[in-house]
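Now for the letters of each chain:
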2 protein chains.
Amino acid sequence: MSKDNIQEVSGGVVAPSGFLAGACACGIKQGGYDLALLLSNRPARAAALFTTNQIVAAPVRLSRETVKRGPIRAVVVNSGNANACTGAQGHLNAMAMAEATARELGLSPSEVLVASTGIIGQPLPMEKILAGIREAGQKMSRDPEHGRSFTRAIMTTDTSPKELALKIDTGGRTITLGGAAKGAGMIAPNMATMLAFITTDATLTRRQSKACLQRAVSRSFNQITIDGHMSTNDTVILMANGASGGPCLRGRDLTAFQEALGHLCQVLARAIVKDGEGATKFVRVIVKGAKKEKEAGVIARAIANSPLVKTAINGEDPNWGRIISAAGATGITLDEKRLRLYIGESLIFEGGTSVASPIQALVAEHQGYSIGALPPMLKNIMQGKELDLRLELGLGRAEAEVWTCDLSEKYVTINARYHT
Amino acid sequence: MSKDNIQEVSGGVVAPSGFLAGACACGIKQGGYDLALLLSNRPARAAALFTTNQIVAAPVRLSRETVKRGPIRAVVVNSGNANACTGAQGHLNAMAMAEATARELGLSPSEVLVASTGIIGQPLPMEKILAGIREAGQKMSRDPEHGRSFTRAIMTTDTSPKELALKIDTGGRTITLGGAAKGAGMIAPNMATMLAFITTDATLTRRQSKACLQRAVSRSFNQITIDGHMSTNDTVILMANGASGGPCLRGRDLTAFQEALGHLCQVLARAIVKDGEGATKFVRVIVKGAKKEKEAGVIARAIANSPLVKTAINGEDPNWGRIISAAGATGITLDEKRLRLYIGESLIFEGGTSVASPIQALVAEHQGYSIGALPPMLKNIMQGKELDLRLELGLGRAEAEVWTCDLSEKYVTINARYHT
């Protein structure tokens, strides 16, 4: 964000006025914080987006209803256990979390949202959780360190905390936005096991907060995929408490807010992909020239989720045939002759064949490398930490962009051993 | 196959009367055979099924037309180079392979099918291939060793040759069927980089050979997936040369033939999955109780292709929540309360929750294992080399079955390094 009127500040979710956080290690997972509370000292107009998985966790089912009812004051989150596939007891446990949090903070349970992340199918250890809620409740503070503790408490296999806060000078007033996110596994478009909590002291109507959040999420969290696996628990919450004063945002102020919110979501979404389980590269897959945006999205995701494409990127191997093949396997009609594939800025494939000229091919054969790969030029690009794959279909004007990471041996190691 | 009238014999594709094979190492890939010819000494009624990828290799485009025209006498196959994404030159090269084979064996090019497998996007090394066709042509023989050489020559990252031959006594006459297949990577339903060549001395009409092949493939090669990535080159060819004598099969003879062909395809398909890149387990994913067969298939494939499910199986970790979550993410409407999940014969999930009773949960907690996992019972099942996952949706009567393998660190290693 290069704009003069926006600057990064510390504190994550407690950076905006009127927000407090507290976290503790209550023993759900081994070592580290695993329970956190977030509180607004006044009612916040909240919006929330949830997983579109048909199988949703108990806290998602509960919070989906709570957020519709009215203003929100607090969020309780635990990591280490997803409270998903836990039946009626799971629902009672999610309600008990909201009730305990309300009791601790002097609120009504209908003002408390609940989120969980971790292993599926196991009952929540409620004794530990209720003790944790009491402990975290004692610690509520707006110290930036507490924002960081909140961010740490929501992590599962994440290797680094993901948070950002931005101060926006809209001319007349100063608005602050803060966000914390977790990701790492089961990350795919439409909210995959990722949680993100965004706070702001801006004044927004409920409709505005929903519209702003949807717009920001569609261009950030919903365009990332690590393993194509959408989770049962994904949740993004925006709480706008109006503590910066003034009437509801409109005109240029609203635009500035939307822009800052979009930036914040993009930074957090990128951080999730970069910290994908075992990830060593950040990859943008851009599909242009499709007939429909939906088709562009399907092709971009097919490329981004192909284990063959992802392992080639991990091996820094310009095996571009796998990209073309992944696009072709979606069932969407393509014209091979119109396709153009770029890796970075290099045109690799055009008119149904590799762009290598006969002379390049001759040189390649003499120097002992394969011509489809165009190595001297591509090797540097493939060795970078960030990589763009751009496929132009030549069929229309619709496009889509998806962010992903590579697939490494470490992804397998992490996921083969996570449970036990 | 326990039936008395069917027995296994040696020789693979040359086991049936009137078929000869020859193979050689012409230098496309490093070390080992990479070019093979298969010849019927009389015109064979042939059927072939090809990839449904929108991007198809030149040999697929050529063979798709050739097989429609009339009887087939020979097949030429190379491994190490897919001749895909190679433009007009690729098509000329595929035709040149057919022409050279025809010249060598005294046939017309319109009687020769061509198949290629290997790296995408590189021009075929035609000098080597033409020399290879001459060399293989000199070696044509019906010695069972030559059947094995053919099977070896079509391998890429396969670690073992896959072939089978069956002799069927139909009462009146003896029919023989032989098959060779390769797989290992880019394996997904609807013909993924897999090649299979099936020969028989049975007498079939062209229509019969097509119908029999389609039926057998739908219940074998089309229900396997290793990495969900459909290739540009998949091809299954059946050649029926009638050398066993007699009129076209019908009635019980045809049924016996269909049964043997189905068995042969299933054995080869299983062998492909078991030899999937880095595979350590064979997994059958069975989805029952769907409203539509197509929906059952989508869910079965989503489970079979989920990297989270596959890595859990690799880690022998009964992390069943990933199976439920993968099913829920397909977008197909499910009722969580009606789902029943079995691992092996053990019911794991029912009525929206783990089937562990409160007493089991108590025991589990005291013994220090997690109750969702039901370890004592499941640990043995997870440690087996073969595993059944059965998900009952409780919505209808349609079902589907998909065969897959686990996802190991070795899959990543193989695919990150294959090209260079």
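Draft legend 1. View of the sheet that holds strand β14 (residues 353–354) of chain A. All names here are of chain A. Across the sheet, which stays open at both edges, the 7 strands sit in the order β9-β16-β11-β15-β12-β13-β14 with mixed pairing between neighbours. Every interior strand has two partners, whereas the edge strands, β9 (224–225) and β14, have only one. Here strand β12 (residues 340–343) runs beside strand β13 (residues 346–350); their pairing, made up of 4 bridges, is antiparallel. Residue Leu341 lies in a different strand from β13, and its bridge partner there is Phe349. Along the sheet, helix α7 (residues 293–305) makes contact with β9, β11 (282–290), β15 (386–392) and β16 (398–405), crossing β16 at roughly 20°.

Draft legend 2. Expanded view of helix α3 (residues 126–138) of chain A. Residues and elements named next belong to chain A. Spanning 13 residues, α3 covers 18 Å between terminal C-alpha atoms, matching the ideal 18 Å at 1.5 Å per step. By the burial criterion, the buried members of α3 are Ile129, Leu130, Gly132, Ile133, Ala136 and Gly137. Projected onto a plane normal to the axis of α3, the buried residues spread over an arc of 155° and lie on a single side. With respect to the buried face of α3, the exposed residues turned more than 90 degrees away are Glu127 and Gln138. On its buried face, α3 is in contact with β2 (19–24), β3 (35–50), β4 (72–81) and α2 (87–105).

Draft legend 3. Summary view of the domain arrangement of chain A. All names here are of chain A. Domain annotation for chain A reports domain 1 (6–274) and domain 2 (282–417). A C-alpha centroid distance of 35 Å is found between domain 1 and domain 2. Counting residues at the interface gives 12 residues for domain 1 and 11 residues for domain 2. The set of elements that each furnish at least two residues to the side of domain 1 that touches domain 2 consists of β9 and α6 (251–274). Broken down by element, the side of domain 1 that touches domain 2 gets its largest block of residues, 4 residues, from α6. For the side of domain 1 that touches domain 2, the class distribution of residues is 5 nonpolar, 5 polar and 2 charged.

Draft legend 4. Focus on the sheet that holds strand β11 (residues 340–343) of chain B. Residues and elements named next belong to chain B. If you trace the 6 strands from one edge of the open sheet to the other, you get β13-β12-β11-β14-β10-β15, paired in mixed fashion. The open sheet terminates on both sides in strands that have one partner only, identified here as β13 (353–354) and β15 (398–405). Bridge analysis of strand β12 (residues 346–350) against β13 gives 2 bridges, and the strand direction is antiparallel. Residue pairing across strands places Phe349 opposite Ser354, the latter belonging to β13. Set on the sheet, helix α7 (residues 293–305) makes contact with β10 (282–290), β14 (386–392) and β15; between it and β15 the angle comes to about 25°.

Draft legend 5. Structural detail: the pairing of β13(A). In sequence, β12(A) turns back onto β13(A) through a hairpin of 2 residues, with A:Gly344 there showing a positive phi of about 60°. Hairpin connection of β13(A) to β14(A): 2 residues between the antiparallel strands, including A:Gly351 at a positive phi of 60°.

What counts, and at which threshold
- Residues numbered from 1 in each chain as written.
- Chains lettered and ligands numbered in written order.
- Predicted model: local features only at pLDDT ≥ 70, side-chain atom pairs only at ≥ 80, totals over all residues.
- Pairing = 2+ DSSP bridges.
- Helix = DSSP H or I, 4+ residues; strand = E, 2+ residues; numbered from the N terminus.
- Contact = placed C-beta atoms within 7 Å.
- Axes fitted to C-alpha atoms, helices over the stretch in contact; angles between N-to-C directions.
- Expected span 1.5 Å × (residues − 1).
- Buried ≥ 20, exposed ≤ 12 C-beta atoms within 10 Å, placed from the backbone.
- Arc of directions from axis to C-beta.
- Domains from an automatic or database assignment.
- Nonpolar A, V, L, I, M, F, W, Y, C, P; charged D, E, K, R; others polar.

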